[in-house]
Every structure is written in C-alpha cells, then in structure tokens.
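Descriptive structure summary
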Amino acid sequence: MRHDAESQTGTAVRAAEGYAGDISNTLAHAWWQAGEAVLVDVRTDAEREWVGFVPGAVPAAWKQWPGMAMNPDFDEAVKAAAGNKKVLLLCRSGVRSIAAAKRATELGLEAYNILEGFEGDADSNAQRGNKGGWRLAGLPWRQG
C-alpha cells in the first residue's frame, strides 16, 4: 500500500498532483484487459526476474539495478508503449511508480500510479507480499 492508502480494491480514481491519479490494482487490471490502457512495469529487470512479473506488461525500468541509476531509456520506452492509451505504472509498492507517472505526464501521457504495487507494503516481519499488491489480489503473474 502506499502512504495513506488502505486496501485499495475500488473503482475510483484518486486525485493526485502531477499525474492523472492513483488507482487500485483491480481497476488497473480491468482497464488493461479492456484494452483502454497499457500496463508498464517500472521495476528493475532483477525484480521482475527474481520476484515475478505480469505476463504482457511492458518492462520499462524507472531505475536500473545495481546502483539504482536512472534508466536513460525510460522516456522512449514509455512513449513507445503508450501509443494513444492510458499508461498504468506498476512498481514494487506504489512509490517509484509515482515518480514514473509524473515523468510520463511530463511527456504528454495520461499516466496513473497503481496503489500497492506488485508486492504491497512490508508486514511486521519486514516481508512483502502479505499486505496488498498485485500478487496478493490474485491478479495474473508468473515467476521465473
């Protein structure tokens, strides 16, 4: 979950500053499946490889591992992915995707941050995947 978010399973777009808004993973999935939007996974290649990925999502890392340096190819990748559709940005927990949504908006795209991200927030044992996120919602994903 992100900052002030509670479990986000609704269909409303939450107002945000600098991009089109925050949406639940279920709304993102619905828009994507309906062909209204493109899903862009902004996690690193390593995260997608080791933790899991969404089949059909466009990989466009916001930052690169190791070192978490900005990806110089992000702008071109997200513009190419978008076409004339909404852009739904997915990261680990819904934080990096805010920065990516702001940048995509600066590029002239209608960009949304997916609350909770792929894995959600860390639980009391500092483990992810138990408190929100794309995977926990039972949405399509694969590992390896």
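The preceding data block contains the structure.
Attention in this report is confined to the structure presented alongside it. (Residues numbered from 1 in each chain as written. Predicted model: local features only at pLDDT ≥ 70, side-chain atom pairs only at ≥ 80, totals over all residues. Heavy atoms only, no water.)

Bringing the environment of Gln127 into the picture now. Among the secondary structure elements, Gln127 is positioned in the segment after β7 (111-114). The partly exposed category is assigned to Gln127, whose relative accessible area is 44%. When sequence neighbours within four positions are dropped, the list of residues in contact with Gln127 reads Asp121 and Ala122. (Helix = DSSP H or I, 4+ residues; strand = E, 2+ residues; numbered from the N terminus. Buried < 20%, exposed > 50% of the residue type's maximum accessible area, 1.4 Å probe, protein only. Contact = heavy atoms within 4.5 Å.)

Before going further, it helps to spend a moment on the sheet that holds strand β2 (residues 37-41). One open sheet accounts for five strands, arranged β1-β7-β6-β2-β3; its pairing is parallel. Strands at the two margins of the open sheet, each flanked by one partner only, are β1 (21-23) and β3 (58-59). The pairing of strand β6 (residues 86-90) with β7 spans three bridges and is classified as parallel. Looking across to β7, one finds that Val87 is bridged to Ala111. The strands that helix α4 (residues 96-106) touches are β6 and β7; relative to β7, the one it contacts most, it runs at about 175°. (Pairing = 2+ DSSP bridges. Axes fitted to C-alpha atoms, helices over the stretch in contact; angles between N-to-C directions.)

A grouping of Trp50, Trp65 and Met68 is seen on the molecular surface, where their side chains present a nonpolar patch of about 380 Å² in accessible area. Position of Trp50 relative to the elements: it lies in helix α2 (residues 45-50). (Patch = residues over 30% accessible without salt bridge, like charges linked within 9 Å, V, L, I, M, F, W, Y side chains within 5 Å. Areas by Shrake-Rupley, 256 points an atom, 1.4 Å probe, with all protein chains shown as cover. Salt bridge = Lys/Arg side-chain N within 4 Å of Asp/Glu carboxyl O.)

The subject of this paragraph is the pairing of β2. Burial of β2 is extensive: five of the five residues sit out of reach of the surface. By the alternation rule, side chains of β2 split into Ala37, Leu39 and Asp41 and Val38 and Val40, which are all buried. Where β2 lies against β6, five bridges are found, and the strand directions are parallel. Paired with Ala37 across the two strands is Lys86, which belongs to β6.

Below, the discussion takes up the pattern of salt bridges. Applying the stated criterion to the full structure yields seven salt bridges. The shortest N-O distance in the salt bridge between Asp45 and Arg48 comes to 2.2 Å. Taken together, the residues span about one helical turn, with Asp45 and Arg48 both in helix α2 at a distance of three residues. The exposure class assigned to Asp45 is exposed, which follows from its relative accessible area of 55%. Residue Arg48 is classed as buried on the basis of its relative accessible area, which comes to 10%. A salt bridge links Arg103 to Asp75; the shortest N-O distance between them is 2.5 Å. With Arg103 in helix α4 and Asp75 in helix α3 (residues 74-82), this residue pair connects regions lying 28 residues apart in the sequence. Looking at Arg103, the relative accessible area reads 25%, which means it is partly exposed.

Those residues of α4 that sit buried are Arg96, Ser97, Ile98, Ala100, Ala101 and Ala104. Positive phi shows up at Gly108, right after α4, with a value of about 95°.

To continue, consider the side chain of Glu47. Take Glu47: it is sitting in helix α2. Among the polar contacts made by the side chain of Glu47, one reaches the main-chain amide nitrogen of Thr44 at a distance of 2.8 Å. (Polar contact = N/O pair within 3.5 Å; in protein donor to acceptor, adjacent residues only side chain to side chain.)

Turning to the nonpolar core, a few remarks are in order. Counting residues in each nonpolar core, the largest one holds 18 residues, and the members touching the most others are Val40, Val42, Phe74, Val78, Val87 and Leu89. Those elements giving two or more residues to this core turn out to be β2, α3, β6 and α4. If you look at the next biggest cluster of nonpolar residues, it comprises 16 residues, including Leu39, Ala57, Leu90 and Ile114. (Core = buried A, V, L, I, M, F, W, Y, C linked by side-chain atoms within 4.5 Å.)

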